[in-house]
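# Fold and geometry: a report
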Amino acid sequence: MLVDPKKVLIDAEKRNYAIAGINTPTFDAAIGVLEAAEELNWPVMIGLAQVHEKHAPIDVFGPMLFNVALRSKAPVILH
C-alpha cells in the first residue's frame, strides 16, 4: 500500500526506528523487497537510482514500481 511519506517518517522519528530506502533496479528486486516488508509488516521505501536509467528507464519502470507498491500489503514509500 502506498503511504504518505511524511506520516511514516514522523512515526519513525517518534518511535525511534529507521525506514530502509532500497534501490530496486529490477522487477525481481522490487518484488523481493516488498515480500520481505510484507513478511515483517514493516514500512519500506523503494526507488530507482538515476544511474540505472539506461537499463531501466523511469518512464517504463516508474509505473511498474507504482503498481507493485499499490498491491503490497506493507506500507510503501515510492521514491
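Small disclaimer: the values here were computed from a predicted structure and weren't measured. (Residues numbered from 1 in each chain as written. Predicted model: local features only at pLDDT ≥ 70, side-chain atom pairs only at ≥ 80, totals over all residues. Heavy atoms only, no water.)

## Observations regarding the sheet that holds strand β3 (residues 76-78)
Here is the rule: Strands were regarded as paired on the criterion that DSSP finds at least two bridges between them. Each helix is a run of H or I in the DSSP string that is no shorter than four residues. Each strand is a run of E no shorter than two, and both are numbered from the N terminus. Where helices are involved, their axes are fitted lines through C-alpha atoms of the stretch in contact, as for all axes, and angles between N-to-C directions lie from 0 to 180°.
Taken together, the three strands give an open sheet; going across it, the order is β1-β2-β3, and neighbouring strands pair in parallel fashion. Two strands close off the open sheet at either side, each with one partner strand: β1 (20-23) and β3. Each strand of the sheet is rotated relative to its neighbour by a mean of 25°, with strand direction disregarded.

## Looking at a nonpolar patch on the surface
Under the convention used in this document: Patches draw on residues past 30% relative accessible area with no salt bridge. Two like charges within 9 Å are joined, as are two nonpolar side chains (Val, Leu, Ile, Met, Phe, Trp, Tyr) within 5 Å. Only the protein chains shown count as cover for residues, and all accessible areas are computed by the Shrake-Rupley method using a 1.4 Å probe. By definition, a salt bridge exists where a carboxyl oxygen of Asp or Glu is found within 4 Å of a side-chain nitrogen of Lys or Arg. Each residue gets one of three labels from its accessible area relative to the maximum for its type: buried under 20%, exposed over 50%, partly exposed in between, using a 1.4 Å probe on protein chains only.
A surface patch of nonpolar side chains, amounting to about 300 Å² of accessible area, comprises L2, F66, L70 and L78. Inspection of the secondary structure assignment puts F66 in helix α3 (residues 58-71). For F66, a relative accessible area of 37% puts it in the partly exposed group.

## Some points on the side chain of S72
Note the following rule: In this description, contact between two residues means that some pair of their heavy atoms is separated by no more than 4.5 Å.
Structurally, the position occupied by S72 is in the loop between α3 and β3. Not counting chain neighbours up to four residues away, the residues in contact with S72 comprise M1, L34 and E38.

## Topic: helix α1 (residues 5-15)
Which entries qualify depends on this criterion: By the criterion applied in these results, polar contacts are pairs of N or O atoms within 3.5 Å in which, for protein atoms, one can donate a hydrogen and the other can accept it, and in which residues neighboring in sequence qualify only through two side-chain atoms.
The N-cap of α1, judged by a side-chain oxygen 3.0 Å from the amide nitrogen of K6 a few residues on, is D4. One or two positions beyond α1, positive phi appears at N16, with a value near 60°.

## Focus: the nonpolar core
Using the following cut-off: For the purposes of this section, nonpolar cores are sets of buried Ala, Val, Leu, Ile, Met, Phe, Trp, Tyr and Cys residues that join through side-chain atoms within 4.5 Å.
Within the largest apolar cluster, 15 residues are counted, with the highest numbers of intra-cluster contacts made by L34, V44, I46, F61, L65 and V76. Sorting the residues of this core by element identifies α2 (27-40), β2 (44-47) and α3 as the ones contributing at least two each. Of all the elements, α3 adds the most residues to this core, at five residues. Those residues in contact with L34, other than ones at most four positions away along the chain, are V44, I46, V68, A69, S72 and V76. Residues V8, A12, Y17 and M45 belong to the second largest nonpolar core, which totals six residues.

The values reported here are purely geometric and, on their own, carry no functional implication.
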